[in-house]
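Observations on the model geometry
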Amino acid sequence: RFILFVWIYLGLATYAAAQTEIYSPNFNTNGATSGNNWRVVSSNNCDGGFLGAQNGSFVINDYEGTGCVNGDPTIDGANDNLIEIGPVNVAFANCVRVEFRVEAAGNLEFIGTPGADLLEITTLADGVPINVDFNSGNGIYGNPPDRFITIPPGTSNITITITGGYQSLDETYTISNVRI
């Protein structure tokens, strides 16, 4: 019985240790464009809109990106707007997972249509992309389920990049619950 107790205790202790949060960006200062190891690297906007921290999330609303030319599907929704989270040191951890939530709102258009809207979140392990989440318009997957990305063993640093562009005040992507 004692051995069984020790085995269960160690198993639960290992499980609890595996659930330790290594890092979460602080998006609590409304309007902020940088914080605890996250920053807006570049942005381009022609007519207002919002890009920054808001109520614990990161929000991109009516921020055009490259060219700011409405109606051109090769330009609208381009990737001038770049947010970078990290790098975050995970070399000490045995099993690492990245989590985040994306919420889409508004009349988001698909790539290849006039006024196309785009959100791309890339997870990099030691500078190498290991996962790309892509959302264009409401129809591809609108509000996707929360994402859970397992990081390859032996990874030293995690970086998450977010790029996006949107064309109208009613079009918003909200990124929240980012955790490593």
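Look up: the structure comes first, before these words.
Worth saying up front: this structure is predicted, and the values here are computed from it rather than measured.

Strand order in this open sheet of five strands is 3-4-11-6-9, and the pairing throughout is antiparallel. Either end of the sheet is taken by a strand with one partner, and the two such strands are strand 3 (50-54) and strand 9 (147-150). On average, each strand axis in the sheet is inclined to that of its neighbour by 20°, with strand direction left out of account. Note: strand 3 against strand 4 (residues 57-61), five bridges, orientation antiparallel. Following the sheet pairing, leucine 51 is matched in strand 4 by isoleucine 60.

Per the stated rule, a full pass over the model turns up three aromatic pairs. Arranged with centres 4.9 Å apart and planes meeting at 75°, the rings of phenylalanine 27 and tryptophan 38 form a pair that is edge-to-face. On the criterion of sequence distance, the pair formed by phenylalanine 27 in the loop between helix 1 (2-18) and strand 1 (34-35) and tryptophan 38 in strand 2 (residues 38-42) is long-range, its members being eleven residues apart. Among the aromatic residues, those joined into a ring-pair cluster are Phe27, Trp38 and Phe58.

Below, the discussion takes up the nonpolar core. Of all hydrophobic cores here, the largest spans 30 residues; its most connected members are Phe58, Ile160, Ile162 and Ile180. Of all the elements in the fold, those that place two or more residues in this core are strand 2, strand 3, strand 4, strand 5 (81-89), strand 6 (97-105), strand 7 (118-125), strand 10 (157-165) and strand 11 (172-179). With four residues, strand 6 is the largest single contributor of residues to this core. If we ignore the near neighbours within four places in the chain, the residues touching isoleucine 180 are Glu21, Ile22, Tyr23, Val88, Val90, Val96, Arg97, Val98, Ile158 and Ile160.

Calculation rules
Residues numbered from 1 in each chain as written. Predicted model: local features only at pLDDT ≥ 70, side-chain atom pairs only at ≥ 80, totals over all residues. Heavy atoms only, no water. Pairing = 2+ DSSP bridges. Helix = DSSP H or I, 4+ residues; strand = E, 2+ residues; numbered from the N terminus. Axes fitted to C-alpha atoms, helices over the stretch in contact; angles between N-to-C directions. Phe/Tyr/Trp six-rings, centres within 6.5 Å; stacked < 30°, edge-to-face > 60°. Core = buried A, V, L, I, M, F, W, Y, C linked by side-chain atoms within 4.5 Å. Buried < 20%, exposed > 50% of the residue type's maximum accessible area, 1.4 Å probe, protein only. Contact = heavy atoms within 4.5 Å.

By themselves, these observations are geometric and do not establish any function.
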